[in-house]
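Remarks on the overall topology
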Amino acid sequence: MGKIDRLTLDESVAVSESITRAPVIATRGLCKTYATSAGETVNALSQVNFDVGQGEFVSLVGPSGCGKTTVMRILAGLIDGYTGSVNIGGRVVHGPTPHIGVVFQDANLMPWRTVLANVTLPGQVLRLDKKACHARALELLALVGLGGFEKKLPGELSGGMRQRAAIARALLHDPRILLLDEPFGALDAMTRDNMNVELARIAAEAGKTVFLITHSIAESVFLSDRVLVMSSRPGRIIETIKIDLPRPRSLDVVADPMFAATVLRIRRLLEQSTSADLHVTLAH
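Notes on the structure follow. As the structure is a prediction and not an experimental result, all values here were calculated from the model. (Residues numbered from 1 in each chain as written. Predicted model: local features only at pLDDT ≥ 70, side-chain atom pairs only at ≥ 80, totals over all residues. Heavy atoms only, no water.)

1. Some words on the sheet that holds strand 5 (residues 91-92)
Using the following cut-off: Two strands are said to pair when DSSP picks up at least two bridges between them. What counts as a helix is a DSSP run of H or I of at least four residues, what counts as a strand is a run of E of at least two, and both are numbered from the N terminus. Contacts are assigned to residue pairs that have any heavy atoms within 4.5 Å of one another. Axes here refer to lines fitted to C-alpha atoms; in helices the fit is confined to the stretch in contact. Angles between the N-to-C directions go from 0 to 180 degrees.
Spatial strand order, 2-1-4-5: four strands in an open sheet with antiparallel pairing. Sheet topology places strand 2 (41-53) and strand 5 at the edges, where each strand pairs with a single neighbour. Relative to strand 4 (residues 83-88), strand 1 (residues 23-35) is paired through five bridges, and the arrangement is antiparallel. When the bridges of strand 4 are listed, A26 appears paired with N87. The strands touched by helix 2 (residues 68-75) are strand 1, strand 2 and strand 4; relative to strand 1, the strand with the most contacts, the crossing angle is about 120 degrees.

2. Re a nonpolar patch on the surface
Put simply, the rule reads: Within the patch definition used here, like charges are joined within 9 Å and nonpolar side chains (Val, Leu, Ile, Met, Phe, Trp, Tyr) within 5 Å, considering only residues with over 30% relative accessible area and no salt bridge. With residues, only the protein chains shown are counted as cover, and all accessible areas are computed by Shrake-Rupley using a 1.4 Å probe. The salt bridge criterion pairs a side-chain nitrogen of Lys or Arg with a carboxyl oxygen of Asp or Glu, the two atoms within 4 Å. The cut-offs for exposure are 20% and 50% of the maximum accessible area for each residue type, with area from a 1.4 Å probe on protein chains only; residues under the lower value are buried, those over the upper are exposed, and the others partly exposed.
There is a patch of nonpolar side chains on the surface, built from V125, L126 and L128 and spanning about 260 Å² of accessible area. Along the chain, V125 falls in helix 4 (residues 121-125). Overall, V125 belongs to the exposed group, its relative accessible area being 62%.

3. Observations concerning the layout of surface pockets
Where we set the bar: Residues are called lining when one of their atoms sits within 4 Å of a cavity or pocket point, these points coming from a 1 Å grid over the protein atoms alone, where a cavity is a set in which a 1.4 Å probe fits but cannot get out and a pocket is an open set with protein on both sides within 12 Å along at least five of seven lines. Grid points are joined across faces, edges and corners, and a volume is the space filled by probe spheres set on the points. Here the nonpolar group is Ala, Val, Leu, Ile, Met, Phe, Trp, Tyr, Cys and Pro; Asp, Glu, Lys and Arg are the charged ones; every other residue, Gly included, is treated as polar.
As a volume, the largest pocket reaches approximately 520 Å³. Lining the largest pocket are 20 residues, and of these I100, G101, V102, P122 and H173 lie nearest its centre. Looking at the lining of the largest pocket, the elements with two or more residues in it are strand 6 (100-103), helix 4 and helix 6 (159-171). Size it by volume and the second largest pocket reaches roughly 250 Å³. Lining the second largest pocket are 16 residues, with A200, R201, A203, A204 and R247 positioned closest to its centre. With five residues, the top contributor of residues to the lining of the second largest pocket is helix 7 (residues 189-206). Class assignment for the residues of the lining of the second largest pocket results in eight nonpolar, two polar and six charged.

4. Quick notes on the packing of helix 6 against helix 7
Packed helices, taken two at a time, are described by the angle their axes make and the gap between the axes. The condition that has to hold: To sort the angles, those under 35 degrees are grouped as roughly parallel, those over 145 as roughly antiparallel, those from 65 to 115 as roughly perpendicular, and the leftovers as oblique. In this scheme the crossing of two helices becomes right-handed for a clockwise turn of the near helix relative to the far one and left-handed for an anticlockwise turn of less than a right angle.
Look at helix 6 against helix 7: their axes get within 11 Å of each other, and the N-to-C directions meet at 20 degrees. What the angle tells us is that helix 6 and helix 7 run roughly parallel. Crossing hand, helix 6 versus helix 7: right-handed. In this structure, helix 6 uses G160, R164, I167 and L171 to contact helix 7, whose residues at the interface are T191, M195, E198, L199 and I202. Class assignment of the residues belonging to the contact of helix 6 with helix 7 gives a composition of five nonpolar, two polar and two charged.

5. Re the nonpolar core
Which entries qualify depends on this criterion: Put simply, a nonpolar core is a bunch of buried Ala, Val, Leu, Ile, Met, Phe, Trp, Tyr and Cys residues held in one set by side-chain atoms that sit within 4.5 Å of each other.
By size, the foremost hydrophobic cluster in this structure holds 50 residues, and its most contacted members are I167, L178, V221, V229 and I266. Per-element tally for this core: the top contributor is helix 6, with seven residues. When residues no more than four places from it in sequence are discounted, the contact partners of V221 are V227, I243, L245, R249, F259, T262, V263 and I266. Among the nonpolar cores identified, the runner-up in size contains 29 residues, and A44, V48, V52 and Y82 belong to it.

6. Quick notes on the pattern of salt bridges
According to the stated counting rule, one finds eleven salt bridges in the structure shown. Close ionic contact of D225 with R247 constitutes a salt bridge, the shortest N to O distance being 3.2 Å. With D225 in the loop between helix 8 (217-223) and strand 9 (226-230) and R247 in the loop between strand 10 (237-242) and helix 9 (257-283), this pair connects stretches of sequence that are 22 residues apart. Through salt bridges that share partners, R164, E198, R201 and E205 make up one connected network.

7. Topic: the sheet that holds strand 6
Working definition: the strands of a sheet are paired by backbone hydrogen bonds and lie parallel or antiparallel to each other. Read across the open sheet, the six strands follow the order 6-7-8-3-9-10; overall the sheet is mixed. Looking at strand neighbours, the two that pair on one side only are strand 6 and strand 10, the edges of this open sheet. Across this sheet, the average inter-strand angle for adjacent strands is 15 degrees, counted without regard to direction. Note that strand 3 (residues 57-61) and strand 9 share four bridges and pair parallel. Its bridge partner lying in strand 9, V58 is registered against R226. Docked against the sheet, helix 2 engages strand 3, strand 6, strand 7 (177-181), strand 8 (209-214) and strand 9, running at close to 150 degrees with respect to strand 8. Where helix 6 meets the sheet, it contacts strand 6 and strand 7, and its direction lies at approximately 165 degrees from that of strand 6.

8. Considerations on helix 5 (residues 130-143)
How we decide: A helix is expected to reach a length of 1.5 Å times the quantity of its residues less one. Taken from the helix axis, the directions to the C-beta atoms give the arc we talk about. Think of a polar contact as two N or O atoms within 3.5 Å of one another; within protein, one of them needs to be a possible hydrogen donor and the other a possible acceptor, and neighboring residues in sequence only count if both atoms come from side chains.
Compared with the 20 Å implied by 1.5 Å per residue over 14 residues, the 20 Å span of helix 5 between its first and last C-alpha is a close match. If you check which residues of helix 5 are buried, you get C133, A137, L140, L141 and L143. Buried residues of helix 5 fall within an arc of 145 degrees about the axis and therefore sit on the same side. In helix 5, the exposed positions angled more than 90 degrees off the buried face are occupied by K131, E139 and A142. In this structure, the buried residues of helix 5 make contact with helix 3 (115-119), helix 4, helix 6 and helix 7. In this structure D129 caps helix 5, since a side-chain oxygen of it lies 3.3 Å from the backbone nitrogen of K131. A positive backbone phi angle near 85 degrees is found at G145, which sits one or two residues after helix 5.

In structure tokens:
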């Protein structure tokens, strides 16, 4: 009986782990083409395949123009007309969904609304309970380090603070997934480093699945559990790099030889991909 009970327990754990590890984002054979004003066809994405598991922090890096933002906008339900399959939480993407919060490079805060009013805006759009949204907004502003700035206008905040407010706004309706498209790209290097530390903390404390688009290899390695490396256009995933650095991570991790080796590995993959595509282009 004891042996049977043990086997049953092991099987139960295996089933539980498989459910936990089931991807919340999954793309298969994702392709996207655009028609230009001149009537030409541009292949933006070609056979993009990847998964993101529950609670994972995954970054997508690649050269400019490779289709990274197109991938993010497809996941967010902001672009259609693609081929292949895109699933969020096991459901096919047909448009924007409350399961996803999105943060763009520009915070896009309404300048005439206070920080608090900006953060509670999704609650108004989704017609959520006003008192509950107010309370959650205050909690989120404290989480992102903006407690005490609720009544300030966006113009009174620094760039990093505005992005913190944008992250709080994206989390207001408690989405399962947070999509970020170069959220710190316009910030100076020191502010960007500090925001990376804050983003890692916020993601861990909020318990969200995060998918980040970035041009910065170092940023992707610092923040991620895995890094997806994308080729030049038409974009495709050429390699997935697992980041084995322990968490939580401080900025001191950049001195770790493993960090430097991982950054170098990704850079060489991108250089090789760009060089190969250049040779193909010249050959034609």
